[in-house]
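Observations on the three-dimensional arrangement
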Amino acid sequence: MELSGIASYLISFLTFAGVYAVLALGLNMQWGFTGQFNIGIAGFFAVGAYTSAILTTPSSPAYLGGFGMPFLVGLAGAVIASTLLGLVVGLITARLRTDYLAIASIGIAEMVRLFVKNEDWLTNGVRGIAGIERPFADTVLDSPFVYLVIVALFVAGVYFLVERAYASPWGRVLRAIRENEPATAAAGKSIAGFRLQAFVLGSAIMGLGGGLYAHFFGFLSPEAFMPLYGTFLVWVMLIAGGSGNNRGAILGAVLVWGVWSGTELLTGLLPAEHATQGAALRVLLIGVLLQVILVTRPEGVLPEKPPRLIARKR
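As the structure is a prediction and not an experimental result, all values here were calculated from the model.

Notes on the environment of A7
In this fold, A7 is placed in helix α1 (residues 2-34). Residues A7 and V200, spaced 193 residues apart in sequence, show a C-alpha to C-alpha distance of 37 Å.

Topic: the nonpolar core
As a rule of thumb, nonpolar side chains are buried together in soluble globular proteins. Y20, L212, Y213, L220, F225, L233 and W257 are the most contacted members of the largest nonpolar core, which has 74 residues in total. Ranked by residues supplied to this core, first place goes to α1 with 13 residues. Discounting chain neighbours no more than four positions away, the residues touching Y20 are Y229, L233, V234, M237, A253 and W257.

Concerning the environment of L251
Tracing the chain through its elements places L251 in helix α11 (residues 246-267). In this structure L251 comes out as partly exposed when scored by relative accessible area, which is 29%. Residues L251 and V236, spaced 15 residues apart in sequence, show a C-alpha to C-alpha distance of 12 Å. Setting aside residues no more than four positions away along its own chain, L251 makes contact with V301 and L302.

As for the packing of aromatic side chains
Inspection of the entire model under this criterion finds 19 aromatic pairs. Each ring, one from F16 and one from F216, has its centre 5.0 Å from the other, and the planes form 85°; the classification is edge-to-face. Remark: F216 occurs in helix α9 (residues 191-217) and F16 occurs in helix α1; sequence separation between them is 200 residues. Residue classification places F16 among the buried positions, given a relative accessible area of 12%. Since its relative accessible area comes to 12%, F216 is described here as buried. Following the ring pairs from residue to residue traces out a cluster consisting of F16, Y20, F45, Y50, F71, Y147, Y213, F216, F217, F225 and W257. Positioned above the aromatic ring of Y166, the side-chain terminus of R175 is 4.3 Å from the ring centre.

Rules and cut-offs
- Residues numbered from 1 in each chain as written.
- Predicted model: local features only at pLDDT ≥ 70, side-chain atom pairs only at ≥ 80, totals over all residues.
- Heavy atoms only, no water.
- Helix = DSSP H or I, 4+ residues; strand = E, 2+ residues; numbered from the N terminus.
- Core = buried A, V, L, I, M, F, W, Y, C linked by side-chain atoms within 4.5 Å.
- Buried < 20%, exposed > 50% of the residue type's maximum accessible area, 1.4 Å probe, protein only.
- Contact = heavy atoms within 4.5 Å.
- Phe/Tyr/Trp six-rings, centres within 6.5 Å; stacked < 30°, edge-to-face > 60°.
- Lys NZ or Arg CZ within 6 Å of the ring centre and 35° of its normal.

Written out as structure tokens, the structure is:
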């Protein structure tokens, strides 16, 4: 029983770390590549999760649903919905400076969270959506381990695509915008256009992460998309792993989620009267960890390493 419990915990831990790795890769597309300070991650996370849940859950009189679509269709819907939201937000904020983008994005994320909290007809409000099934439901493949493999495949696929984008001429333009925007504009590049593209693609990846989360956890409520869980932790993961480095984003997700879930186990050992203080200490510990990383390794555990340019042979 002890071994099976440890195995179940590791599977759950790695699955959640994989979901957060997808979110961190999406943020890396925006901040690590282009320098866009998006602190509204939770909004795109929530839109992806609820879209996939609505498309795949059975019929219910409490909320919109009953489409019974397959798992992959739900994920595709999550990506499309987050892409559309990212396009709308990006068209409004593409020309904003970093600080104004931060204010706008966190405002939009709170609007999304309050929308899913109050629109009962669509999301069942604070009661949430239950019964979100994993793929291969009611078959021999319906197990947490199989879903871990599925999440790992999606992480690998997103990493491959984002890494190719990073090394492409398009990715070089994004890094040029991040490092020297006036010079990039002088070279004839559309700053707003490239920013919009990076923002929309990053938002689509975050929506995918939301869909994967919904089908793993099996239940959604607005509390799951509070800024602490949906935005702050993702930022810490990217900064700790290495902003601009896709492998660093994945490593940061695993490391920070390990600290976060490990402290949850430790606070669970505290007496009941100290449980509330223990929960607050977890947030404090993550903040201290972030400060230590910023002081000792400001570029993260895996610093960014731009791809080498290979000269063509004449």
